[in-house]
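# Descriptive structure summary
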Amino acid sequence: YARTKPGWRITRRYVDEESGAKATRTQFTRLFADAEKGAFDLVLVWSLDRWSREGVWETLNHLRRLDGFGVGFVSYKEELINTAGPFREVIISLLAALAKQERTRHIERVNAGLEKAIKNGVRLGRKPVAFDTESALALYRAGKSYRDIAVAFKVSHGTVGRVLGPIIKTGRKKETGTNGTDKEI
């Protein structure tokens, strides 16, 4: 697209893998540093939602920063978003608000899906570790370290510590009850 525009020349591509929901992206930050140095005079983006999903004011502030550096802004997918247009801020405000709303809806959909999965009995997270506490405790009492026990049971030493730590400290097994209190087992 840029090559078809008279007088346009691509000087650099800035591609971030991080979400547009935050401004601390590596290439996004570099783009502003280069804009301040005058490395280019126009930024072409695929679409506004790829540029920023932080919200209306944050997006407008980014565009104003570019404007302060003498850098224009054009969106390929939203032809009306062109810093030369008279209704630039109105259109950008509306599109940025839509981008932020879409992000909010996406989060809501993900959370609703997780809630539904939990209600349907889907276990989230890692599989529970099968761990023979009595055998591990016997190894510990025989002088083995948490790391040695972890290797023997093919689990992390953190798992060994989480299971054996309370037993070693109190001398008895405990289990957390449904109300958050410990009970002897």
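Look a little higher up for the structure.
What you are looking at is a predicted structure, and each value in this text was computed from that prediction instead of being measured.

### Thoughts on the side chain of His 62
Here His 62 is to be found in helix 3 (residues 56–68). His 62 sits in the buried class, given a relative accessible area of 8%. Non-local contacts of His 62, meaning those with residues more than four positions away in its chain, are made with Ala 23, Phe 28, Phe 32, Trp 51, Ser 52 and Glu 54.

### Side note on the pattern of salt bridges
Taken as a whole and assessed by the stated rule, the structure comprises one salt bridge. We note a salt bridge from Arg 12 to Asp 34, for which the minimum N-O separation is 3.8 Å. With Arg 12 in the segment before helix 1 (26–36) and Asp 34 in helix 1, the pair connects residues that are 22 residues apart, well separated along the chain.

### Points about the packing of helix 5 (residues 133–141) against helix 7 (residues 157–170)
With their axes 11 Å apart at the nearest point, helix 5 and helix 7 run at an angle of 65° to one another. The crossing of helix 5 and helix 7 is right-handed. Contacts between helix 5 and helix 7 involve Thr 133, Ala 136, Leu 137 and Tyr 140 from the former and Val 163, Leu 164, Ile 167 and Ile 168 from the latter.

### Details of a nonpolar patch on the surface
A cluster of nonpolar residues, Val 110, Leu 114, Ile 118, Val 122 and Leu 124, forms a patch on the protein surface that exposes about 400 Å² of accessible area. Along the polypeptide, Leu 124 turns up in the loop between helix 4 (88–119) and helix 5. By relative accessible area, Leu 124 is classed as partly exposed at 40%.

### Let's talk about the environment of Thr 159
On the secondary structure map, Thr 159 appears in helix 7. Distance from Thr 159 to Tyr 146, taken between C-alpha atoms, is 9.0 Å for residues 13 residues apart in sequence.

### So, unusual backbone geometry
Leave glycine aside and you will find that most residues have negative phi; peptide bonds, for their part, are mostly trans. One non-glycine residue with positive phi stands out, namely Lys 154, at about 55°. Assignment of secondary structure puts Lys 154 in the loop between helix 6 (146–153) and helix 7. You can call Lys 154 exposed: its relative accessible area is 77%.

### Thoughts on the packing of helix 5 against helix 6
Axis separation between helix 5 and helix 6 bottoms out at 10 Å; the angle between their running directions is 140°. Seen from above, helix 5 lies across helix 6 with right-handed handedness. Of the residues in helix 6, those touching helix 5 at Ser 135, Ala 136, Leu 139 and Tyr 140 are Tyr 146, Ile 149, Ala 152 and Phe 153. Among the residues forming the contact of helix 5 with helix 6, the class breakdown is seven nonpolar, one polar and no charged.

Cut-offs applied
- Each chain carries its own residue numbering, running from 1 in the written order of its sequence.
- Predicted model: local features are reported for residues with pLDDT of at least 70 only, side-chain atom pairs are reported and counted for 80 or more only, and whole-chain, interface and lining totals are derived from all residues.
- Hydrogens are left out, water is left out, and the side-chain values use all remaining heavy atoms of the structure.
- Note on conventions: DSSP H or I runs of at least 4 residues are helices, E runs of at least 2 residues are strands, and numbering of each starts at the N terminus.
- Three labels apply to residues, based on accessible area from a 1.4 Å probe with only protein chains included: buried if under 20% of the type maximum, exposed if over 50%, partly exposed otherwise in between.
- The criterion used for residue contact is that any of the two residues' heavy atoms lie within 4.5 Å.
- Note on definitions: salt bridges are taken to be side-chain nitrogens of Lys or Arg within 4 Å of carboxyl oxygens of Asp or Glu.
- Axes here mean lines fitted to C-alpha atoms, for a helix over just the part in contact, with angles spanning 0 to 180 degrees between N-to-C directions.
- Each helix crossing is assigned a hand: it is left-handed if the near helix lies turned anticlockwise from the far helix by less than a right angle, otherwise right-handed if that turn is clockwise.
- Patch members must show over 30% relative accessible area and no salt bridge, and they are joined within 9 Å when carrying like charges or within 5 Å when they are nonpolar side chains of Val, Leu, Ile, Met, Phe, Trp or Tyr.
- Computed by Shrake-Rupley with a 1.4 Å probe, the accessible areas treat only the displayed protein chains as cover when residues are assessed.
- By the convention adopted, Pro, Cys, Tyr, Trp, Phe, Met, Ile, Leu, Val and Ala count as nonpolar, Lys, Arg, Asp and Glu as charged, and the other residues, Gly among them, as polar.

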